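Examination of the molecular architecture
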Amino acid sequence: MKITGNIIQVLVGGLVFVQLSMAQQADPRLLHYPDMIILNGNIISMDDAGVNENVGSTYQAMAVRDGRIFELGSTDNIMPLAGPDTTVFDINGRTVLPGIIDTHSHPHEYAEEHWGPPVKGDYAVEEEPGDGWPELVQKVVDLVGSIKDNHEPGEWVFIDWPRRIQSTDMMADTALRVHRMLTRQMLDEVNTEQNIVLLGNRGVVNTPAMNIYGSYFGGDEYPDMSGEDGIYLSGSVVRVLRGELTPIPKFKAMMEQEFREWTAYGITTFGSRIGMYNQTTAIKALDREGRMPIRYAYALDSYWFRVMPDMPEFRTDLSGTGSDWLWLNSISISSGDGAYPLLATSIEARPEIKEREVLRDRVQYIRDFTARGLRWANTHIAGDRTLDVALDMIEQGSADAGLSEEEIRAKRHGSDHCRVNPRPDQIPRLRKLGIIMSCAPKYITGDGPDVAADYGEEYLSWVVPMRSIIEGGVKAVFEIDTHAVAGEGVFFHIGQYVNRMGKDGKVLAEDQKINRTWALKTATSWASYYVLKENDLGTLEKGKFADFIVLNKDYFDENEVPDPMIKTVRPLLTVIGGHIRYLDPGLATELNTEPAGIQPEQVIRSIHQWESEAI
């Protein structure tokens, strides 16, 4: 029987009518429209992760469903997907980028100072004209002895003192670590009733405080502290003490607020290490309760490893395991050396410069990690000599484990900060081992001038040497590592890769500048590789997490945003997993909805100032 075109049209039309009728009668739980649609945008996917200036695919519109990107395309193609409960935002041509991934910051630690009681000394010892370290030490001892009657037995007392003084080039670290000018025994002579902590990156505790600190690690371990004289060699000690003194419910509330604050800067995922037991419990509880506002790739650091080496995390490579909001990223040693100028370098310098350099013995643990087949990352490695030792440990541990070169690269070991590393001859070795370099722009201006003064101008090219790293075939990723982002914004830091501008307007190592596309890739597609989530994060692609930001300006328009003004770019909307975490009041009015999140008032003020100065 021959079927004519008219009959075919009738049959097809009937089938469509039947399908529509069935859909209208179907259980509504079987139908799921997009939860959110973004229309009329300049959506930059960043889905080209190559070392080039290609930003990848671009779109006008995006649909989000169940926390992931459901569809991308033109406004005409995406708008028909909207259902009766779909939130539709017409963003009027604004630029949309993947959410920013910060591979090394400590919001969980900043939370204490920002949302909890101030993290500062109960007392302070001040430098006066003519004071040397002996005079300051005596002031501390006199103060510690005089406060016994002002505090209850067993109370904690924190005391500030200078890190540097005018009368000498010797820093507090050297006075304590090298010359032992102040010890717990000296504090004990005048006060063992309270728990005394002399604050700083390096400080001293008395015996009661030392014993309590040691109790967290089984009673005979004092990580980063000398059990002989109570001198501690890392600010992590104070963070542990502060953290363990904070009740877990309070910790949870503070961290949740801090995490929410960071979403206003455009951060949708961050990486960091966890060193405190209460802190770990609190973060895991937030995740279990569905209260994580931001994604967190965490490392367990050397405190855990030293006291619990037989935990499953230290016997099996569990990297990447966890939830969509909280997952194990690596095992860390916290730091291999100190903050500038306490880093270990291979550079020849004056004796007083070399005397203060620090290389921590904990670097040996990297060999243990890699010998067990674990991933090592999220670790402070400041100087090039420290990086040498870390790479030695990776090679030795990998040989112990019998790993091939391909298997070593597959671990994606990472070194953080790039403060005075890598030096040029280390880059081929980094590439061979597959090391990812997480580099903080803040060190360009934070350490650069001091490096030039202490070691020589030629070593400025070793301070966050982004161009050398990237052109050498090593993956470089973005980190912030400071709460100063609250006053500057994320794009101030991204812009420093491009500008390398010192506070005096001087460019620091112009040969290490990179273009703005590379700078953004370090914080999106490349950074997703560091946090082990390149299949879910870092680009705007169908099926990936709906983590994105809508900007106030077009980051890629060099006429609207010249290089020095990249710092004036900021998010107006931050969405993580399809949830609105931050929405600027002005854009909220335009979209006919309510503002959301913690408003970044300091960043907005800074941007207004920078814009007015540029007029």
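Reading guide: rules and limits
Residues numbered from 1 in each chain as written. Predicted model: local features only at pLDDT ≥ 70, side-chain atom pairs only at ≥ 80, totals over all residues. Heavy atoms only, no water. Phe/Tyr/Trp six-rings, centres within 6.5 Å; stacked < 30°, edge-to-face > 60°. Helix = DSSP H or I, 4+ residues; strand = E, 2+ residues; numbered from the N terminus. Buried < 20%, exposed > 50% of the residue type's maximum accessible area, 1.4 Å probe, protein only. Lys NZ or Arg CZ within 6 Å of the ring centre and 35° of its normal. 1 Å grid on protein atoms, 1.4 Å probe; cavity = no way out; pocket = protein on both sides within 12 Å on 5 of 7 lines; lining within 4 Å. Points joined across faces, edges and corners; volume = space filled by probe spheres on them. Nonpolar A, V, L, I, M, F, W, Y, C, P; charged D, E, K, R; others polar. Expected span 1.5 Å × (residues − 1). Arc of directions from axis to C-beta. Contact = heavy atoms within 4.5 Å.

On to the packing of aromatic side chains, then. Going through the model one piece at a time under the given rule, you end up with 13 aromatic pairs. Ring geometry for Phe259 against Tyr296: centres 6.2 Å apart, planes inclined by 70°, an arrangement best described as edge-to-face. Of this pair, Phe259 sits in helix α9 (residues 248-263) while Tyr296 sits in strand β15 (residues 295-300), and the two are 37 residues apart along the sequence. With respect to class, Phe259 is no different from Tyr296; both count as buried. Taking 6.3 Å as the distance between ring centres and 70° as the angle between the ring planes, the aromatic pair formed by Tyr296 and Tyr298 counts as edge-to-face. We note that Tyr296, like Tyr298, is buried. Ring-pair connections join several aromatic residues into one group, and the members of that group are Phe259, Phe270, Tyr296 and Tyr298. Above the face of the Trp325 ring, Arg295 is positioned so that its terminal group lies 4.2 Å from the ring centre.

Here the second largest pocket defines a volume of roughly 430 Å³. As for the second largest pocket, its lining consists of 20 residues, of which Thr445, Phe492, Gln496, Met501 and Gly502 are closest to the centre. Among the secondary structure elements, those contributing two or more residues to the lining of the second largest pocket are α17 (442-446) and α21 (490-499). Here the element with the most residues in the lining of the second largest pocket is α21; it accounts for five residues. Here the lining of the second largest pocket is built from residues that sort into six nonpolar, nine polar and five charged.

Here helix α4 (residues 133-146) contains 14 residues, and its C-alpha end-to-end distance of 20 Å stays within 8% of the 20 Å for a straight helix at 1.5 Å per residue. Buried within α4 we find Trp133, Leu136, Val137, Val140, Val141, Leu143 and Val144. The buried residues of α4 occupy one face: seen down the axis, they fall within an arc of 165°. For α4, the secondary structure elements touched by its buried residues are β9 (123-124), β10 (156-160), α5 (172-178), α6 (184-188) and β11 (195-198).

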